[in-house]
Amino acid sequence: MQRIGKNQLSILIILFLIGSTPLFELGIEAKQDAWIAMTLAAAAGLLLTAMYLRIQRRAPEAGLAELYMMHFGKWLGGAVGLIHMLWFAYESMRNVRDVGELTMIALLPLTPKWIVMLLILAVAAYTVSKGLEVFVRVIQLLMPVAVLSYMVIVLLLLVARLPDISQLKPVLENGLAPVLKAAFPDLLSFPFGQMVIMLVFWKHVAEKNTIGRASYWSQAGVSLFLILMNMLTLCVLGPEVSSLSALPLLEAVQLIRLANFLERLDVIVTLLLFIGLYVKMTALYMASALTLSAVTGIAYRNWVMPIGAAIYASSFLEPNNTYHIWIGLDITLKIVPLFQIVLPVLMLAVGLRKKYKAARPAA
Amino acid sequence: MNKQNAEAHTPLSPSLQANVQAIRSRFGESSDVVIRVFRSDAAPGRRLAIAYVDGIVDAETINRSVMEPLMSLQLPEYVIEKGARLLEALRGCVVSVGSMRDIHTLDEALQYMADGLCVIMADGSAAALTADVNGGEERSVGIAQTQTVIRGPQYGFVESLRTNISLIRRVIRSSSLHVQIHKVGKQTHTNVAVLYVHGIVDEGILKEVYRRLAAIDIDGILESGYIEEFIQDETFTLFPTLLNTERPDTVAAALLEGRVAIIVDGTPIALMAPTTFFSFFQSPEDFYQRYDIATFIRVIRYVAYVVSMLLPALYIAVTTYHQEMLPTTLLISLAAQREGIPFPGLVEALLMEMTFEVLREAGLRMPRAIGPAISIVGALVLGQSAVQAGIVSAGMVIVVSFTAISNFVMPEFNMAATSRIIRFGFMLMAGMLGFFGIFVSGLFMLIHLASLRSFGVPYMSPLAPGGAAQGLFRDMFIRMPWWAIVMRPLDMKMRNPKRRPNKKKPPAQRHSGKP
């Protein structure tokens, strides 16, 4: 079995959670309090992670499918695993589609989407076929690029004196209710609740006793980062423009004008979004293949192509971007809690009654 | 294999005449085979013979250390009578050559002769002696031609394996420098030496090197490139997974880092494994110059590598798809240049790149005397005239020239060549899909790089998988001062991973300025 280190796990969590998140100004329903909503959701996200870790600790060598089968029995658990695997593939498809839409908006308005999505999915499939170890190494290589680019963006935004802290006022104008409404369940489900995917990857970490610490710290760090970026965009654009814009971060960066030279930094943002989307898409794709392989017992590599083909085909089902975003932010987020909260809670509850031996072999 | 074994067991005959005949006929009556049969007064009735191949032996040594003592032979009586001990006595008290060996078969004799040894035979004994009188013409140790440094040792390897090993021995003066020589090639019987420092090297990797060397089955090895292609991990990659060098100090440094060096007889180019991506960006000079200079130059090198890989692609992408990225004045000037150009950016760039690659290869192959012609053709005719004729834009010429120059910054030629090839892929993708094409192909390359291994060591280490905790970054993008580089750089289980006990600067006497 492929093994990854604890630093690699941290970096995986960080880039996975960043993913496509900066694409949207999340929690904007709470207007200038979006960042408070983010904070609440992030805190709840850590609680979810604590729950996932609790489940995972019962059988450190078991992946998501094995855990389902352990808790719900072979058939029911297998069925649930299959449904979850389909969900992973679906979410991966959403990212593929995001790349297609983003490229059309930001880079290549005339190029057909099918070729853009085919290429990015080919890259993802290539990664998945190489396995988890190679994937985390790629993430390690992308990490410095991402960190540097974010630093440049933040620095330039600050140097250009674009952020205006008063955009965040008045704090809690309409009380806590709209903030809570924005935070739960939508913000919790995306991005923080997506940590559920780590149930697939945790078993590959070599040093099992470090999983908890690495996961908490990296999730807390990345949550803080996302909240700050959220605040920054709000400060630059203000709640009204943020809520109208298709790509708020891109819009904010386009405002940078320095020394008659640094003007068009969209490329950096687009690059960042691509990196995030690629990581997320590939992680979900890989989780899907790993889970399916664990449920069916058929070797992982045989599933790479079929799942990829399914993802590619399904990415054409939505007719346009508006529809895509509507499904993503309204429909999908209503179903997600089933996978992120209901099923894990069920597992936790079932597990409390069963007595687990310390290290039960996987399925 | 069986056939070879059978041949190898043809024994030497007790008759000197028969042996001489056999050697002559097996060498096909070659005229450079010298067999000298002679008598010595001290051993009446017993003829002696020496056989060697002219030109690959040192005639002086043969005359002084073999012929002369044999001719003036004065042996005790009992030796002459009991024939079998004659050779033993010759070895013991007559022939004054360092390395001698007993042989019993004809094929051994032939092989040693072909190797440049001298075979001594005596009438009435079915054995022979070999004396190491290796010699012949060879290039003397000179200045390294392809990997030059300003500060640091200047000499380079030569074609003789023996000399090359001695050059390394002179750097690492320790018994823990081990040398194992293998013969590879059914016809050439090329000596391939494996060098490592015992106690530092990872035994697993060493075994793997031996295993891969032993698996080579080919008639001839003419250069270390043959070996490289046989033992590299992945054939279908553009990235080299073995380092090569013609500098003894580079090999010595690699040995001290726990690598294994492979030196092939007949070529000044040595191989080193395992290798990581980042070691191709290290020139030996990085470690001789002050660390701040070295770091600056190394960063320049990484930048230049990216430039040489991506610049034409970026230019194509920007001019074709993302014009809005450029500052307005630059955009206008570029657009004005491109106004009369009949080709799209991609075609223009491909044309110029191909032209440059042709020029470059021509410059390498053409006779030296007409060298200046190439610069005239290249600079004036193809550069200036092409712009004046409106075939390519001046901007494109600048881009292609800078790309070309950037490529020469790389200390390792094979890694530089990689970027030359990959550049075309990036250009095509940029021409079709702009920045998205560059992003996708770049990602594809990263995934490929992350999946490569060199003798089990991940190619992108110590960046991925990371070695930050062990302080392996201290000699990657930057070079820290020597005293701060505690660990050897490779990501593998070494017996002795530390070069220094700790990260402490040796104390220096501080002068306060007061008397």
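Residues numbered from 1 in each chain as written. Chains lettered and ligands numbered in written order. Predicted model: local features only at pLDDT ≥ 70, side-chain atom pairs only at ≥ 80, totals over all residues.

**Comments concerning the overall build of chain A**
Okay, step 1: Broken down by element type, chain A carries 13 helices and 0 strands.
Okay, step 2: Its helices and strands in sequence order give chain A the pattern α-α-α-α-α-α-α-α-α-α-α-α-α, from N to C terminus.
Okay, step 3: Taking 363 residues into account, the globule formula puts the C-alpha radius of gyration at 21 Å, and chain A, at 20 Å, falls close to it.
Okay, step 4: Once the C-alpha set of chain A is aligned to its principal axes, its extents read approximately 65 × 45 × 35 Å. (Helix = DSSP H or I, 4+ residues; strand = E, 2+ residues; numbered from the N terminus. Rg over C-alpha atoms; globule rule 2.2 N^0.38 Å.)

**Focus: the overall build of chain B**
Okay, step 1: Scanning chain B for helices and strands turns up 16 helices and 12 strands.
Okay, step 2: The globule rule puts the C-alpha radius of gyration for 515 residues at 24 Å, and the 30 Å found for chain B is more than 25% above it.
Okay, step 3: Taking all 515 residues of chain B together, 37% fall into the buried category.
Okay, step 4: Excluding contacts between residues fewer than 6 apart, the proportion of contacts in chain B whose partners are at least 24 apart in sequence is 66%. (Buried ≥ 20, exposed ≤ 12 C-beta atoms within 10 Å, placed from the backbone. Contact = placed C-beta atoms within 7 Å.)

**With respect to helix α7 (residues 177-189) of chain A**
Residue and element names in this part refer to chain A.
Okay, step 1: Taking 1.5 Å as the rise per residue, α7 with 13 residues should run 18 Å; its terminal C-alpha atoms sit 18 Å apart, in good agreement.
Okay, step 2: Of all the bends in α7, the largest measures some 40 degrees and sits at A183, one to four residues before the proline P185.
Okay, step 3: Restricting attention to buried positions, one finds in α7 the residues V179, A182, A183, D186, L187, L188 and S189. (Expected span 1.5 Å × (residues − 1). Bend = angle between axes of the 7 residues up to and from the residue.)

**A few points about the packing of helix α3 (residues 64-72) of chain A against helix α4 (residues 74-107) of chain A**
Residues and elements named next belong to chain A.
Okay, step 1: Running from N to C, α3 and α4 point in directions that differ by 145 degrees, and their axes come no closer than 7 Å. Seen from above, α3 lies across α4 with right-handed handedness. Mapping the contact onto sequence places L64, A65, Y68, M69, M70, H71 and F72 in α3 and K74, L76, G77, G78, V80, G81 and H84 in α4.
Okay, step 2: Classifying every residue of the contact of α3 with α4 gives 8 nonpolar, 5 polar and 1 charged. (Axes fitted to C-alpha atoms, helices over the stretch in contact; angles between N-to-C directions. Left-handed = near helix turned anticlockwise from the far one by under 90°. Nonpolar A, V, L, I, M, F, W, Y, C, P; charged D, E, K, R; others polar.)

**Section: the domain arrangement of chain B**
All names here are of chain B.
Okay, step 1: Looking at the assigned domains, one finds that chain B contains domain 1 (2-131), domain 2 (161-275) and domain 3 (289-457).
Okay, step 2: Here domain 2 and domain 3 have C-alpha centroids that lie 34 Å from each other.
Okay, step 3: Across the boundary between the two partners, domain 2 contributes 16 residues, which contact 14 residues of domain 3.
Okay, step 4: A total of 3 residues in the side of domain 2 that touches domain 3 trace back to one element, the largest contributor, which is helix α8 (residues 203-214).
Okay, step 5: Grouping the constituent residues of the side of domain 2 that touches domain 3 by class yields 9 nonpolar, 4 polar and 3 charged. (Domains from an automatic or database assignment.)

**Description of the interface of chain A and chain B**
Okay, step 1: Contacts between chain A and chain B engage 27 residues on the former and 22 residues on the latter.
Okay, step 2: Counting only elements with at least two residues in the side of chain A that touches chain B, the list comes to α1 (6-18), α4, α5 (113-130), α6 (132-159) and α11 (266-296) of chain A.
Okay, step 3: Residue contributions to the side of chain A that touches chain B peak at 7 residues, all from α5(A).
Okay, step 4: Taken together, the residues of the side of chain A that touches chain B break down into 15 nonpolar, 8 polar and 4 charged.

**Digging into the sheet that holds strand β3 (residues 100-103) of chain B**
Strand-to-strand pairing in sheets goes through backbone hydrogen bonds, with the strands running parallel or antiparallel.
Residues and elements named next belong to chain B.
Okay, step 1: Sheet architecture is open: 5 strands sit in the order β1-β2-β4-β5-β3, paired in antiparallel fashion. A strand with exactly one partner marks an edge of an open sheet, and here the two such strands are β1 (33-39) and β3. Across the sheet, the mean angle separating the axes of adjacent strands is 20 degrees when strand polarity is ignored.
Okay, step 2: Where strand β4 (residues 118-122) lies against strand β5 (residues 128-131), 4 bridges are found, and the strand directions are antiparallel. Of the residues in β5, the one forming a bridge with V119 is T130.
Okay, step 3: Sheet strands in contact with helix α2 (residues 16-26) are β1, β2 (47-53) and β4, and its direction is about 170 degrees off that of β1. (Pairing = 2+ DSSP bridges.)

**Here's the deal with the sheet that holds strand β7 (residues 190-197) of chain B**
All names here are of chain B.
Okay, step 1: Strand order in the open sheet formed by 5 strands is β6-β7-β9-β10-β8, and the pairing between neighbours is antiparallel. The open sheet has two edge strands with one neighbour each: β6 (177-184) and β8 (243-245). Pairwise comparison of adjacent strand axes, ignoring direction, gives a mean angle of 25 degrees for this sheet.
Okay, step 2: Strand direction decides the pairing type here: strand β9 (residues 260-264) and strand β10 (residues 270-273), joined by 3 bridges, are antiparallel. Residue pairing across strands places I262 opposite L271, the latter belonging to β10.

**Details of the nonpolar core**
Okay, step 1: A:A37, A:I120 and B:A261 are the most contacted members of the largest nonpolar core, which totals 209 residues.
Okay, step 2: Formed jointly, this core draws a minimum of three residues from each of two domains, domain 2 (161-275) and domain 3 (289-457) of chain B.
Okay, step 3: With residues near it in sequence (within four places) discarded, B:A261 still touches B:L195, B:V251, B:A254, B:L255, B:A270, B:L271 and B:M272.
Okay, step 4: Judged by nonpolar contacts, the second largest core, of 35 residues, contains B:L16, B:V97, B:L110 and B:V133. (Core = buried A, V, L, I, M, F, W, Y, C linked by C-beta atoms within 7 Å.)

**Brief notes about the environment of B:I405**
Okay, step 1: Tracing the backbone shows B:I405 in helix α15 (residues 394-407).
Okay, step 2: In the structure, B:I405 is positioned 98 residues away from B:V307 in sequence and 9.8 Å away in space, judged by C-alpha atoms.

**Side note on unusual backbone geometry**
Okay, step 1: For the peptide bond that leads from A:F190 to A:P191, omega is 5 degrees, which places it in the cis range.
Okay, step 2: For the bond running from B:A273 to B:P274, omega is -10 degrees, close enough to zero to count as cis.
Okay, step 3: Looking at the secondary structure, you find B:P274 in the loop between β10 and α11 (291-320).
Okay, step 4: Of note in the backbone geometry, B:F455 takes a positive phi value of approximately 50 degrees without being a glycine.
Okay, step 5: Judged by C-beta crowding, with 23 C-beta atoms within 10 Å, B:F455 ranks as buried.

**Concerning the confidence of the model for chain A**
Okay, step 1: Chain-level statistics for chain A give a pLDDT mean of 89 and a share of 96% at 70 or above.
Okay, step 2: Segment residues 357-363 of chain A is flagged for pLDDT under 50; beyond a separation of four residues in sequence, or across chains, it makes 10 contacts in the model. (pLDDT = per-residue confidence, 0-100.)

**Considerations on the confidence of the model for chain B**
Residue and element names in this part refer to chain B.
Okay, step 1: Summarising the model, chain B shows a mean pLDDT of 86, and 91% of its residues fall at 70 or more.
Okay, step 2: Confidence scores differ between elements of chain B, with helix α1 (residues 2-8) showing the lowest mean pLDDT of 48 and β9 the highest of 95.
Okay, step 3: If you check the scores for this complex, the pTM reads 0.90 and the ipTM reads 0.92.

**Looking at the pairing of β7(B)**
Residues and elements named next belong to chain B.
Okay, step 1: Here 8 bridges tie β6 to β7, and the two strands are oriented antiparallel to one another. Directly across from L177, in β7, lies its bridge partner V197.
Okay, step 2: Two successive antiparallel strands, β6 and β7, enclose a turn made up of 5 residues, where G185 displays a positive phi of approximately 105 degrees.
Okay, step 3: In the sheet, β7 pairs with β9 via 4 bridges, with the strands oriented antiparallel.

**Quick look at the packing of α11(B) against α15(B)**
All names here are of chain B.
Okay, step 1: Between α11 and α15, the least distance of the axes is 7 Å, while the angle of their chain directions is 160 degrees. Considering the angle they form, α11 stands roughly antiparallel to α15. Of the two elements, α11 crosses α15, and the hand of that crossing is left-handed. The residues of α15 that touch α11, namely those facing A304, V307, S308, L311, P312 and Y315, are V399, V400, F402, T403, S406 and N407.
Okay, step 2: Its residues assigned to classes, the contact of α11 with α15 shows 8 nonpolar, 4 polar and no charged. (Parallel < 35°, antiparallel > 145°, perpendicular 65-115°, else oblique.)

**Some remarks on the pairing of β10(B)**
Residue and element names in this part refer to chain B.
Okay, step 1: Burial along β10 is two-sided: A270 and M272 and L271 and A273, pointing in opposite directions, are all buried.
Okay, step 2: In this structure, β8 lies alongside β10, joined through 3 bridges in antiparallel fashion. For L243, the partnering residue across the bridge sits in β10 and is M272.
Okay, step 3: Linking β9 to β10, which pair antiparallel, is a turn of 5 residues; within it G266 sits at a positive phi near 95 degrees.

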